[in-house]
Amino acid sequence: MARKETITREDLIKAAFAILQDEGIEQVTARKLAAKASCSTQPIFRIYKNMEELTEELFGIACDFFHSYYEDFQRQTVTPFVNLGQAYIKFAGEYKRIFEFIFLSSERFGRSLYDLVNGNGGYVSREIHAATSQGCSNASELFMKMWIFIHGAACMTLTGDYDLSEAETMQMLKDAYHSFR
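What counts as what
- Residues numbered from 1 in each chain as written.
- Predicted model: local features only at pLDDT ≥ 70, side-chain atom pairs only at ≥ 80, totals over all residues.
- Heavy atoms only, no water.
- Helix = DSSP H or I, 4+ residues; strand = E, 2+ residues; numbered from the N terminus.
- Buried < 20%, exposed > 50% of the residue type's maximum accessible area, 1.4 Å probe, protein only.
- Contact = heavy atoms within 4.5 Å.
- Areas by Shrake-Rupley, 256 points an atom, 1.4 Å probe, with all protein chains shown as cover.
- Lys, Arg positive; Asp, Glu negative; His and termini not counted.
- Charge placed at Lys NZ, Arg CZ, Asp CG, Glu CD.
- Axes fitted to C-alpha atoms, helices over the stretch in contact; angles between N-to-C directions.
- Parallel < 35°, antiparallel > 145°, perpendicular 65-115°, else oblique.
- Left-handed = near helix turned anticlockwise from the far one by under 90°.
- Nonpolar A, V, L, I, M, F, W, Y, C, P; charged D, E, K, R; others polar.
- Salt bridge = Lys/Arg side-chain N within 4 Å of Asp/Glu carboxyl O.
- Core = buried A, V, L, I, M, F, W, Y, C linked by side-chain atoms within 4.5 Å.
- pLDDT = per-residue confidence, 0-100.

1. Quick notes on the overall build of the chain
For the chain, the helix and strand inventory stands at 10 helices and 0 strands. When the elements of the chain are put in sequence order from the N terminus, they spell out α-α-α-α-α-α-α-α-α-α. Across its three principal axes, the chain shows a C-alpha extent of roughly 70 × 30 × 25 Å. Going through the 181 residues of the chain one by one, you find that 45% of them count as buried. Within the chain, contacts between residues at least 6 apart in sequence are counted, and of these 67% link residues at least 24 apart. Summing over all exposed atoms, the chain offers an accessible surface of approximately 9,900 Å²; the carbon and sulfur share of this is 49%. Once the 19 positive and 24 negative side-chain charges of the chain are each reduced to a mean point, those two points are 4 Å apart.

So, in structure tokens, the structure goes:
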């Protein structure tokens, strides 16, 4: 009679996500994952060909986590790129290790930074459309300027060099939008 498999793919990815969130992607190793999931390394390699396959799946889960965060983020203005920027900066502060894994990793499994931020919901595309509908003649170029600004601010949160309040951040993003426009 075959032994019942008790560790599932879902169990492993949930444990891997917990390690990622608490310690960072570098700490998602077979041994740490086995310890977190209360199993040996055998189920890991029964379910996944290797740790890279697990990491790629974990990357997708982390991206979905960011997109859910953005979908649930309370919109506070109609100024294009401001809500997206505010959510991105706040996400970097609240979920540092997940942010680093998604947006600062050199391995993005074939996805560009634009793809990661735009997501399946077309978040950037919607913002570009909103800017165009508000009279911006080159909304794609405006997005690039805003994105450099937004990404820089988010990265500053990782080092503790960004200490603006939400209200100050919103005003700064609005000012940048109008300056770049």
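2. Side note on the packing of helix 1 (residues 9-23) against helix 2 (residues 30-37)
The N-to-C vectors of helix 1 and helix 2 enclose an angle of 110°; their axes lie 9 Å apart at closest approach. Accordingly, the angle class assigned to the pair helix 1 and helix 2 is roughly perpendicular. At the point where helix 1 passes helix 2, the crossing takes the right-handed sense. Of the residues in helix 2, those touching helix 1 at L12, A15, A16, A18, I19, D22 and E23 are K32, L33, K36 and A37. Per-class residue counts for the contact of helix 1 with helix 2 are 7 nonpolar, no polar and 4 charged.

3. Structural notes on the pattern of salt bridges
Following the criterion strictly, the structure yields 6 salt bridges and no others. Between E23 and K32 there is a salt bridge, with the nearest N and O atoms lying 2.7 Å from each other. For E23, a relative accessible area of 35% gives the class partly exposed. For R126, the salt bridge is made with E71, and the minimal N-O distance between the two is 4.0 Å. With a gap of 55 residues between them, R126 in helix 8 (residues 123-133) and E71 in helix 4 (residues 51-72) connect regions that are remote in the sequence. Linked by salt bridges that have partners in common, K90, E94 and E166 make up one network.

4. Examining the nonpolar core
Core analysis: the largest hydrophobic core is formed by 62 residues, its most contacted members being Y88 and F103. Beyond its immediate sequence surroundings of up to four residues, F103 is in contact with F66, Y88, F91, R108, L113, L116, V117 and H151.

5. As for the confidence of the model for the chain
A residue-level look at the chain finds 97% of positions with pLDDT of 70 or above and a mean pLDDT of 94. Here helix 7 (residues 113-118) stands out as the element of the chain with the lowest mean pLDDT, 90, in contrast to helix 1, whose mean of 98 is the highest.

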